[in-house]
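Here are the chains, one letter per residue:
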Amino acid sequence: MSERILMQGNEAIARGLVENGCIVATSYPGTPASEILSSVMAWRDAEHLPMHVEWAVNEKVALEIAYAGSQAGLRTAVAMKQVGLNVASDPLMSAAYLGTRGGFIVISADDPGPHSSQTEQDSRLLAMLAKIPVLDPDSPAQAREFTALAFELSEAFQVPVLLRPTTRVCHACQDILPVAVRKLDRKADFRKDPARWAATPKFRYRLHLELNRKLSRIAAHEPTAPRLLNPGLRSSRAVVASGVAAAHAREILASLGLWEELPLYQVLQPYPLHEAFIREVLTGYDEILVLEETAGVIEMQLRDRSRVRGKISGAVPEAGELLPELMEGILAEFAGRPARSLPSPADAAGRRPTLCPGCPHRASFYAIKKAAPHGIYPSDIGCYTLGLNLGGVDTVLCMGAAVSQAAGFYQAYRVAGEPRDVVATIGDSTFFHAGIPPLIDAVSQGARFVLVILDNATTAMTGNQPTPAMPLPGKVAVPIGQVVEGCGVQFCKTGDPLDLPAFTRLLGEAVRFSREEGVAVVIAKSPCLVDRNRPRTRRPQVLVGASCTGCRLCTSQFECPALVFDEETGKVTVDLLICSGCGVCIDVCPSGAIMKREEPA
Amino acid sequence: MISQQLIVSGVGGQGILFITRLLAETAIAKGLPVMTSETHGMAQRGGIVISHLKIGTFSSPLVVPGRADGLIALKPENVGLHRYFLHDDGWIAANASAALPAAGELPVFAVPADALALEMKAPRSVNLIVLGRILAEGGRLFCSYEDICATLERKLAAKPALLQSSLDALRAGGNAAK
């Protein structure tokens, strides 16, 4: 390949992995990390590389599979979003002690903002907790370079390395020149060493001491040392930045005319921070400004609270994304310059995200509200979180919690002697990820609730990755119904939510079972409409007839974005640009005013 | 070297990413460095989607408010939402069928793309119709109508039907300028 191509940050990371001889790559999808593994698959297929690449059932499993490959001497990587690292933190903490053989990269993509996450947590803090080095790239191009750096670091010190891109790296695109794939000629070669690989607590103490020694040597590792980007300046002040904040800082210093005045250091490895660098900045400057996302990780290692400015000192906000416009003001103030007054966003109500027109989840939520109008509705992580728009979602905590929370609500009300209907929703992929242990727990503890598994046969929110239930070539499909029955559930029925009347009756049956007997599971089976792996079928769209009373039940309780209330006529109209023709609203309209058009548009 | 900063905005499902990448790949074909920043995840489900596109020597993927040269808005209400990214000499290309008071004094190149898309029975081509409209204004974008057609032909070589409808949408947007 000799042409520059447009690469998304996640594609660039994937390219870096295959270019540097990665043999095992695993992941569980999550924004902003989802495209890493699909890009690895694409490069693998394009270049016919012998690799094991898998969408694992969850991040913990993904990390353990990739780690075993490293124990066998191969270069391996695992990719996830930052909250996925919480799930995978158990094996990570232990793997840090045991160490690696083949280079092992743990990619955890952070989401300052947050744009598409439950938290803004900083994975670099988990690297500190695990005592492993972390690299913080500023761009897609640098993220690709850092994969090589990370494999070398991991193999030089036999330690897992965390690569921490953020949303603005993962979902930035840049022109990048791919290089040829390195063939490392390694084969799996696991060498038994139980004192290390199955170490008992006594040996773990020694491994901990060894890890500490590794860390102090990593803090002097030259290839990952901070870089002074504009050398030769004489100044009493300096700026230290990492990640995309360093990319913003370069442009902002130039636009403020400060590039020739304020030294800018870029930290590549925020933890462990290089000791020589700590000494250099603390002895060389009177004031140091640290710009990083999302916590003050570099700042806390610059051990002089009187001269270091950042999140801990209050100079930089401790929450939210460090946008360039925000940094411009902070940098101007630090340099003693007047800040430019920036145009600010219009104070308009933004459009909220919503389930797609024709999404089967919308029908499921509508039926749940009909079957258990006074119920509590715990839900989970996925597109269907948006069921909150139509009042079908009361709680969202973390992956799998819908099931445990449903059990928890049941038990709380049982103790009070005032039972309530509880109807929980969870997606198919989320059920496999973390819904099975709580379902076993609920059954064995005698909890009573309805669990609706929204089975659209894909991991939709993150871009339609497969689930274990999908029959793929060379794989064994694991049917959801069998798993549910294996968990001891006595009521497990499947229905099509787009057939609203029948599905509402099925839910009513499940609610009655849950009041008297125990956990009832309903599998709401209907494919995702935006699944690009499925053929699109054109169906006749709907029209709203003259009998529309303008009651707005369809726009508020059913909340389909293709149904629009027209203030002028006082009636509802259909947005034909987006109506999918699912026809569910025909059953929702109390006046019978919605009907099928003659033919597909 | 050519330097241009653009904002593309609309709602999830309108193909913001597609035209952002189309423009970015055209920049690369012209030998220009490019950086973009995209919206993914939950916001793509019908929420506000915005792309930043910077052509030239930049290190940050984000456009700072007040520095964008152009705003391509696929929903009329997004003109008011994202106009603050434009500098005083910026321009707006918009999918709109009525006047846009939110644009203020800035030049607006509007096209009723929703109606045109329905007329062409191509509801998903609003993005290319608006792009065609601004390409018809020579010199506003860093690239020409022909440059974009060449990229489309390269990108969609394996999908002749989609290529044809894409070129038709681009042309319909351009014709609306006349």
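For the structure, check the block above.
Residues numbered from 1 in each chain as written. Chains lettered and ligands numbered in written order. Predicted model: local features only at pLDDT ≥ 70, side-chain atom pairs only at ≥ 80, totals over all residues. Heavy atoms only, no water.

(A) Region of the structure containing the overall build of chain A. Looking only at helices and strands, chain A has 21 helices and 23 strands in total. Its C-alpha atoms give chain A a radius of gyration of 27 Å, near enough to 25 Å, the size a compact globule of 601 residues would have. With respect to the three principal axes, the spread of C-alpha positions in chain A is 80 × 65 × 60 Å. Counting every position in chain A, which comprises 601 residues, the buried fraction comes to 58%. For chain A, the accessible area works out to roughly 24,100 Å², and carbon and sulfur atoms hold 54% of it. Seen as two clouds, the 60 positive and the 64 negative side-chain charges of chain A have centres 5 Å apart. (Helix = DSSP H or I, 4+ residues; strand = E, 2+ residues; numbered from the N terminus. Rg over C-alpha atoms; globule rule 2.2 N^0.38 Å. Buried < 20%, exposed > 50% of the residue type's maximum accessible area, 1.4 Å probe, protein only. Areas by Shrake-Rupley, 256 points an atom, 1.4 Å probe, with all protein chains shown as cover. Lys, Arg positive; Asp, Glu negative; His and termini not counted. Charge placed at Lys NZ, Arg CZ, Asp CG, Glu CD.)

(B) Quick peek at the pairing of strand β18 (residues 491-495) of chain A. Note that β18(A) and strand β19 (residues 520-525) of chain A share five bridges and pair parallel. Bridging across to β19(A), A:F491 finds its partner in A:A520. (Pairing = 2+ DSSP bridges.)

(C) The packing of helix α3 (residues 59-71) of chain A against helix α5 (residues 89-98) of chain A, seen in detail. Residue and element names in this part refer to chain A. Contact geometry for α3 and α5: axes closest at 10 Å, N-to-C directions at 20°. With respect to their mutual orientation, α3 and α5 come out roughly parallel. At the point where α3 passes α5, the crossing takes the left-handed sense. Side by side, α3 and α5 meet where K60, L63, E64 and Y67 of the first sit next to P91, L92, A95 and L98 of the second. (Axes fitted to C-alpha atoms, helices over the stretch in contact; angles between N-to-C directions. Parallel < 35°, antiparallel > 145°, perpendicular 65-115°, else oblique. Left-handed = near helix turned anticlockwise from the far one by under 90°. Contact = heavy atoms within 4.5 Å.)

(D) Fine view of the pattern of salt bridges. Residues and elements named next belong to chain A. Within the structure shown, the criterion is met by 36 salt bridges over all chains. The salt bridge partner of E19 is R144, with a shortest N-O separation of 3.1 Å. Here E19, found in helix α1 (residues 9-19), pairs with R144, found in helix α7 (residues 140-157); they are 125 residues apart in sequence, far enough to count as distant. Residues joined by salt bridges that share partners form a network here, namely D110, D122, R124, D136, R164 and E292. (Salt bridge = Lys/Arg side-chain N within 4 Å of Asp/Glu carboxyl O.)

(E) Fine view of the packing of aromatic side chains. Residues and elements named next belong to chain A. The tally for this structure, following the rule as stated, stands at eight aromatic pairs over all chains. Ring geometry for F190 versus W197: centroids 6.3 Å apart, planes at 40°, classification tilted. With a relative accessible area of 45%, F190 lands in the partly exposed category. Owing to a relative accessible area of 13%, W197 belongs among the buried residues under this scheme. Ring centres of F491 and F513 lie 5.1 Å apart, and the angle between their planes is 45°; on these two criteria the pair is classed as tilted. Within this pair, whereas F491 is found in strand β18, its partner F513 is found in helix α19 (residues 500-516), the two being separated by 22 residues in sequence. When its relative accessible area of 6% is taken as the criterion, F491 is described as buried. Exposure remark for F513: the relative accessible area of 19% places this residue in the buried category. Connected via pairs of aromatic rings, a cluster forms that spans Y265, F277 and Y285. Positioned over the ring face of F203 is K202, at 5.7 Å from the centre of the ring. (Phe/Tyr/Trp six-rings, centres within 6.5 Å; stacked < 30°, edge-to-face > 60°. Lys NZ or Arg CZ within 6 Å of the ring centre and 35° of its normal.)

(F) Main features of the packing of helix α16 (residues 401-416) of chain A against helix α17 (residues 428-444) of chain A. All names here are of chain A. At their nearest, the axes of α16 and α17 sit 7 Å apart, and the two run at 20° to each other. By the angle class used here, α16 and α17 are roughly parallel. Both α16 and α17 take part in a crossing whose hand is left-handed. For the pair α16 and α17, contact is made by V403, S404 and A407 and by G435, P438, L439 and A442, respectively.

(G) View of helix α6 (residues 123-130) of chain A. Residues and elements named next belong to chain A. Regarding α6, the residues found buried are S123, R124, L126, A127 and A130. Across the axial projection of α6, the buried residues extend over an arc of 155°, all falling on one side. Note on α6: the residue one or two positions beyond its end, K131, has a positive phi of about 65°. (Arc of directions from axis to C-beta.)

(H) The arrangement of the pairing of β19(A) in detail. All names here are of chain A. Most of β19 is tucked away, with five of its six residues classed as buried. Both strand β17 (residues 450-455) and β19 contribute to a ladder of six bridges, which runs parallel. For L451, the partnering residue across the bridge sits in β19 and is V521. This β-α-β element, β18 to α19 to β19, shows right-handed connectivity. (Right-handed = clockwise from strand over helix to strand, strands pointing away.)

(I) Region of interest: the interface of chain B and chain A. Each partner contributes residues to the interface: chain B has 40 residues there, and chain A has 49 residues. The largest share of the area that chain B buries against chain A comes from B:M42, B:R45 and B:S59, three residues that together contribute 20% of it. Our count for the contact surface shared by chain B and chain A stands at two salt bridges. Where chain B touches chain A, the interface holds 12 residue pairs in polar contact (both at pLDDT 80 or more). Secondary structure elements with two or more residues in the side of chain B that touches chain A: α1 (16-29), β2 (34-37), β3 (48-55), α2 (77-82) and α3 (113-119) of chain B. For the side of chain B that touches chain A, the class distribution of residues is 20 nonpolar, 10 polar and 10 charged. Where strand β8 (residues 172-176) of chain A and β2(B) come together, three bridges link them in antiparallel fashion. Within β2(B), the position partnered with A:C173 by the bridge is B:T36. (Buried area = accessible area lost by both parts, 1.4 Å probe. Polar contact = N/O pair within 3.5 Å; in protein donor to acceptor, adjacent residues only side chain to side chain. Nonpolar A, V, L, I, M, F, W, Y, C, P; charged D, E, K, R; others polar.)

(J) A look at the sheet that holds strand β4 (residues 75-81) of chain A. Residue and element names in this part refer to chain A. What the six strands build is an open sheet, ordered β3-β2-β4-β5-β7-β6; its pairing is parallel. The sheet is open, and its two edges are formed by β3 (52-55) and β6 (134-135), each paired on a single side. Relative to β3, strand β2 (residues 22-27) runs parallel, the two sharing four bridges. Bridge pairing in β3 places S27 opposite W55. Helix α2 (residues 35-47) contacts β2, β3, β4 and β5 (104-109) of the sheet and is inclined by roughly 145° relative to β3.

(K) Fine view of the nonpolar core. All names here are of chain A. Counting residues in hydrophobic clusters, the biggest one holds 78 residues, and the most contacted among them are L439, F449, L451 and V521. It is α19 that provides the largest number of residues to this core, a total of seven residues. V78, I105, I107 and F146 belong to the second-largest nonpolar core, a separate cluster that totals 69 residues. (Core = buried A, V, L, I, M, F, W, Y, C linked by side-chain atoms within 4.5 Å.)

(L) Representation of α16(A) in the model. Residues and elements named next belong to chain A. Taking 1.5 Å as the rise per residue, α16 with 16 residues should run 22 Å; its terminal C-alpha atoms sit 22 Å apart, in good agreement. Buried within α16 we find A401, A402, V403, Q405, A406, A407 and Y410. Where α16 is buried, its residues touch β14 (378-379), β15 (395-396), β16 (423-427), α17 and β17. Residue G417 follows α16 closely and has a positive phi angle near 75°. (Expected span 1.5 Å × (residues − 1).)

(M) Spotlight on a nonpolar patch on the surface. Taken together, A:L125, A:M300 and A:I312 make up a surface patch of nonpolar side chains, about 230 Å² in accessible area. Relative accessible area serves as the criterion here: at 43%, A:I312 is assigned to the partly exposed category. (Patch = residues over 30% accessible without salt bridge, like charges linked within 9 Å, V, L, I, M, F, W, Y side chains within 5 Å.)

(N) Representation of the environment of A:V415. Within the secondary structure, A:V415 sits in helix α16. Between the C-alpha atom of A:V415 and that of A:V83, which follows or precedes it by 332 residues, the distance is 33 Å.

(O) Representation of the sheet that holds β18(A) in the model. All names here are of chain A. Taken together, four strands build an open sheet; the order of strands is β16-β17-β19-β18 and the sheet is parallel. Each edge of the sheet is formed by a strand with only one pairing partner; in this case those strands are β16 and β18. Strand-to-strand twist of the sheet, defined as the mean angle between neighbouring strand axes without regard to direction, takes the value 20°. The strands touched by α19 within the sheet are β16, β17, β18 and β19, with β18 carrying the most contacts at an inclination of about 170°.

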